[in-house]
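Below, each chain spelled out in residue letters.
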Amino acid sequence: MRAALVTGGAGYIGSHACKALARSGWHPVSYDDLSLGHRALVKWGPLEEGDIRDRARLDAVFARWRPQAVLHFAALSQVGASVRQPDLYCDVNVAGTECLLGAMQTAGVDTLVFSSTAAVYGVPAHLPITETTPVAPTNPYGETKVAAEAAIRRAAESGKLRYAILRYFNAAGGDPDGETGESHEPETHLIPNALAAALGKAPALELFGDDYPTPDGTCIRDYIHVSDVAEAHVLALSRLAESPAPVVCDLGTGKGVSVREIVAAIEAVTGRAVPIRKAPRRPGDPPVLYTAAQSAQRELDWRPERSDLTSIIRDALIWQTSCKPT
Ligand code: UDP
């Protein structure tokens, strides 16, 4: 069986990718230091514990499993924390990626799918975003992802690395079978926080700003089901096996949805009100972000299949109510 090394395989998106890989005949080997990931989410292959900056450990894992490809999710991803600890973000996200690239080169592994983000675009001058929109991050997190993308491009100049860079918009929802889901501590994302408020697990959803220049005053984002995101990685591996040309794709639906629309959808799915507490704008939140979402369709033949709001919220709810480890 073909092995794939999944850095960050114990995390939210990484664990969904492991499931998608296993379903497609891959043997996913998770590499995770469990600082943010969860041992209980590694269900579709072995776990190798290790830090992404630990070259000796990476070399040993590559030698043991001889993977054909790497999916690189391991990273720090909170915008606010990146402002407080930019050096740490640079170390883990940039130096960590460089360390992984070095280990891949030594092991002769030539295929990489990299987990990037809409945060590379900052506040775009034009909407919808496309992959030709200039990168202009507005926080250290986005800067580290731009730098990591650049490190991958540099490594590919050797002619021996095939890569796909996938820039996620708002990954949301959970595994439809309830086998994995979102377990961040603390949770900062809108949908789990709004669900927690609807279910009475939190007193209220803090609504960060309702005076944005949008139709209902709240921020607009492009929410994409995490299983659709995971599937794009499997398709990227197939595409890279067929052709060495690099892939850079946004992963989104092409549709912007406001915070208030998310709240209304959660109320419709749960049949419960979401109590709201108005709060100031969260620093660094761009008013509107959504992608044209055409490259992934063209390059990977990818179509989001579960990214309607009802499916996203239903699947997030399955995890929150019955499956999430406490
Ligand atoms: N948001 C909110 N309350 C929360 C979490 C998020 O009002 O508890 C808003 C946030 O300001 C943004 C949108 O919901 O406009 C999506 O935020 P999230 O953190 O889920 O994703 P981001 O777009 O920041 O990656």
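The preceding data block contains the structure.
Residues numbered from 1 in each chain as written. Predicted model: local features only at pLDDT ≥ 70, side-chain atom pairs only at ≥ 80, totals over all residues. Heavy atoms only, no water.

## Topic: the overall build of the chain
Check the secondary structure of the chain and you find ten helices and 13 strands. Here the chain has a C-alpha radius of gyration of 19 Å; the compact-globule value for 326 residues is 20 Å, and the two agree. Expressed along its principal axes, the backbone C-alpha trace of the chain runs to roughly 55 × 40 × 40 Å. The buried share among the 326 residues of the chain stands at 53%. Long-range pairs, those at least 24 residues apart, make up 77% of the contacts in the chain between residues at least 6 apart in sequence. As displayed, the chain has an accessible area near 14,000 Å², and 51% of this comes from carbon and sulfur atoms. (Helix = DSSP H or I, 4+ residues; strand = E, 2+ residues; numbered from the N terminus. Rg over C-alpha atoms; globule rule 2.2 N^0.38 Å. Buried < 20%, exposed > 50% of the residue type's maximum accessible area, 1.4 Å probe, protein only. Contact = heavy atoms within 4.5 Å. Areas by Shrake-Rupley, 256 points an atom, 1.4 Å probe, with all protein chains shown as cover.)

## Points about the pattern of salt bridges
Counting across every chain of the model gives 21 salt bridges. With a shortest N-O distance of 3.5 Å, E98 and R154 are connected by a salt bridge. Of this pair, E98 sits in helix α4 (residues 86-107) while R154 sits in helix α5 (residues 140-156), and the two are 56 residues apart along the sequence. Judged by relative accessible area, E98 falls into the partly exposed class, the value being 38%. R153 serves as the salt-bridge partner of E149, at 3.8 Å between the closest nitrogen and oxygen. Of this pair, E149 and R153 both sit in helix α5, four residues apart, which is roughly one turn of the helix. Assessed through its relative accessible area of 34%, R153 is described here as partly exposed. Shared partners join several salt bridges into a network, and the residues in it are K19, D175, D177 and E179. (Salt bridge = Lys/Arg side-chain N within 4 Å of Asp/Glu carboxyl O.)

## Thoughts on the site of the ligand
As a matter of local geometry, the ligand sits amid 15 residues, with L190, E206, R221, R282 and D285 nearest to it. At a separation of 3.1 Å, an oxygen atom of the ligand approaches a polar side-chain atom of N193. Within the contact set of the ligand, a nitrogen atom lies 2.7 Å away from a backbone nitrogen or oxygen of E206. Considering each element in turn, the shell around the ligand owes the most residues, four residues, to strand β8 (residues 205-208). Across the shell around the ligand, the residue classes tally to seven nonpolar, four polar and four charged. (Near = heavy atom within 4 Å. Polar contact = N/O pair within 3.5 Å; in protein donor to acceptor, adjacent residues only side chain to side chain. Nonpolar A, V, L, I, M, F, W, Y, C, P; charged D, E, K, R; others polar.)

## As for unusual backbone geometry
Cis peptide bonds are those with omega within 30 degrees of zero, and the linkage from L127 to P128 qualifies with -5°. As for its placement among the helices and strands, P128 is situated in the loop between β5 (111-117) and α5. Across the junction of E185 and P186, the peptide omega takes the value 0°, indicating a cis bond. Mapped onto the fold, P186 is located in the loop between β7 (170-172) and α6 (190-198). The residue R66 is not glycine, and still its phi comes out positive at about 45°.

## Here's the deal with α6
For α6, the buried fraction is high: eight of the nine residues fall into the buried class. When we look at burial in α6, the residues that qualify are L190, I191, P192, A194, L195, A196, A197 and A198. Looking one or two residues beyond α6, the residue adopting positive phi is G200, at roughly 75°.

## Regarding the environment of I191
As for its placement among the helices and strands, I191 is situated in helix α6. For I191, a relative accessible area of 3% puts it in the buried group. A C-alpha to C-alpha distance of 22 Å links I191 and P213, two positions 22 residues apart in sequence. The residues touching I191, leaving out its near neighbours within four places in the chain, are A172, Y223, I262, I266, I312 and A316.

## Some thoughts on the nonpolar core
Core analysis: the biggest nonpolar cluster contains 33 residues, and I13, L21, L71, V113, L166, L251 and L300 have the highest contact counts within it. Residue assignment for this core shows that the elements contributing at least two residues are β1 (2-7), α1 (12-23), β4 (69-72), β6 (162-168), α7 (226-242), β11 (247-251) and α9 (295-300). A total of eight residues in this core trace back to one element, the largest contributor, which is α7. Counting 30 residues, the second largest nonpolar core, distinct from the first, contains L5, V61, L101 and L161. (Core = buried A, V, L, I, M, F, W, Y, C linked by side-chain atoms within 4.5 Å.)

## Some details on the pairing of strand β2 (residues 26-32)
Of all seven residues that make up β2, six are buried, and the element is covered over most of its length. As judged from the six bridges shared by β1 and β2, these two strands associate in the parallel manner. Bridge pairing links A4 to P28 in β2. Read from β1 through α1 to β2, the crossover connection turns out right-handed. (Pairing = 2+ DSSP bridges. Right-handed = clockwise from strand over helix to strand, strands pointing away.)

## Here we look at the packing of aromatic side chains
One pair of aromatic rings is described through two measures. These are the centre distance and the angle between the planes. This model, assessed by the stated rule, comprises one aromatic pair. Positioned over the ring face of W26 is R2, at 4.1 Å from the centre of the ring. The positively charged end of R281 is found above the aromatic ring belonging to Y212, 4.0 Å away from the centroid. (Phe/Tyr/Trp six-rings, centres within 6.5 Å; stacked < 30°, edge-to-face > 60°. Lys NZ or Arg CZ within 6 Å of the ring centre and 35° of its normal.)

## Some points on the side chain of S295
Residue placement: S295 occurs in helix α9. You can call S295 buried: its relative accessible area is 8%. In this structure the side chain of S295 is engaged in a polar contact, spanning 2.8 Å, whose partner is the side chain of E131. Sequence-distant contacts of S295, defined by excluding residues within four places in its chain, comprise E131, V248, C249 and L300.

Any functional reading would require information beyond the geometric quantities listed.
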